[in-house]
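What the coordinates show
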Amino acid sequence: SQQGEEDPQALSIQEGENATMNCSYKTSINNLQWYRQNSGRGLVHLILIRSNEREKHSGRLRVTLDTSKKSSSLLITASRAADTASYFCATDAGAGNMLTFGGGTRLMVKP
Amino acid sequence: EAEVAQSPRYKITEKSQAVAFWCDPISGHATLYWYRQILGQGPELLVQFQDESVVDDSQLPKDRFSAERLKGVDSTLKIQPAELGDSAMYLCASSFVEQRNIQYFGAGTRLSVL
């Protein structure tokens, strides 16, 4: 079963615009991660935010975490065509450090 | 940069046949994971190894799926017999014991069962 649910399921924007995708989860977590997957490829880790953190930045990525609402958001600023991919949130609830992935947001950035 | 190697990249088989997938994790990564990803969905964990031991295989359909990591390095996932519903991407990932939170994925094996 998948703990995280991403919203929206699909997002289409123009190059240069910002892209925001959200993740909601059900149980308490140790940390939450975001991964990216290009079509037909494996996942690539983007960023990890711990349960005691509220915001984290990495380059053009900004992640927020609200544990009271059990939700997180990923913001990609100044998007590029190369950002076109699926983005997944994954929660670590502490059971053997296993990750539970959401269903993903499919982002298309038009040049 | 070190990568997780998986083979084959694509596999087409008929139902009731046996299939096997191979994974070679990044050198030094003691933890290895097998995931199944149905098109349009997120990956779902099938089995997790710590060295050669199974840590969790609660979601592995044991009547037809098996996984092994005999020497604690590379791993094989087998399906016998394959069913139509097994068509999916099978992803392997590995991680450092000290950094089990962050997983490194291979490119996957796309299985089509006809």
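Here we summarise the structure given alongside this text. In this text the structure is predicted, and so the values were computed from the model without any measurement.

Rules used in this analysis
- Residues numbered from 1 in each chain as written.
- Chains lettered and ligands numbered in written order.
- Predicted model: local features only at pLDDT ≥ 70, side-chain atom pairs only at ≥ 80, totals over all residues.
- Heavy atoms only, no water.
- Salt bridge = Lys/Arg side-chain N within 4 Å of Asp/Glu carboxyl O.
- Buried < 20%, exposed > 50% of the residue type's maximum accessible area, 1.4 Å probe, protein only.
- Helix = DSSP H or I, 4+ residues; strand = E, 2+ residues; numbered from the N terminus.
- Pairing = 2+ DSSP bridges.
- Axes fitted to C-alpha atoms, helices over the stretch in contact; angles between N-to-C directions.

**Some thoughts on the pattern of salt bridges**
Overall, the coordinates contain six salt bridges over all chains when judged by the stated rule. One connected set of salt bridges, linked through shared partners, spans R36, R60 and D83 of chain A.

**Re the pairing of strand β3 (residues 19–24) of chain A**
All names here are of chain A. Across the two faces of β3 the burial differs, with A19, M21 and C23 buried and T20, N22 and S24 not buried at all. Across three bridges, the pairing between strand β1 (residues 5–7) and β3 is antiparallel. Residue pairing in the sheet places E5 in a bridge with S24 of β3.

**Describing the sheet that holds strand β7 (residues 65–68) of chain B**
Residues and elements named next belong to chain B. Strand order in the open sheet made by the four strands is β1-β3-β8-β7, with antiparallel pairing throughout. A strand with exactly one partner marks an edge of an open sheet, and here the two such strands are β1 (5–7) and β7. Strand-to-strand, the axes of this sheet are offset by a mean angle of 15°, without reference to chain direction.

**Considering the sheet that holds strand β6 (residues 55–58) of chain A**
All names here are of chain A. With antiparallel pairing, the five strands of this open sheet are ordered in space as β1-β3-β8-β7-β6. The sheet is open, and its two edges are formed by β1 and β6, each paired on a single side. Sheet twist, expressed as the mean angle between neighbouring strand axes with direction ignored, is 20°. Sheet topology places β3 next to strand β8 (residues 71–76); six bridges connect them, and they run antiparallel. Bridging across to β8, A19 finds its partner in I76.

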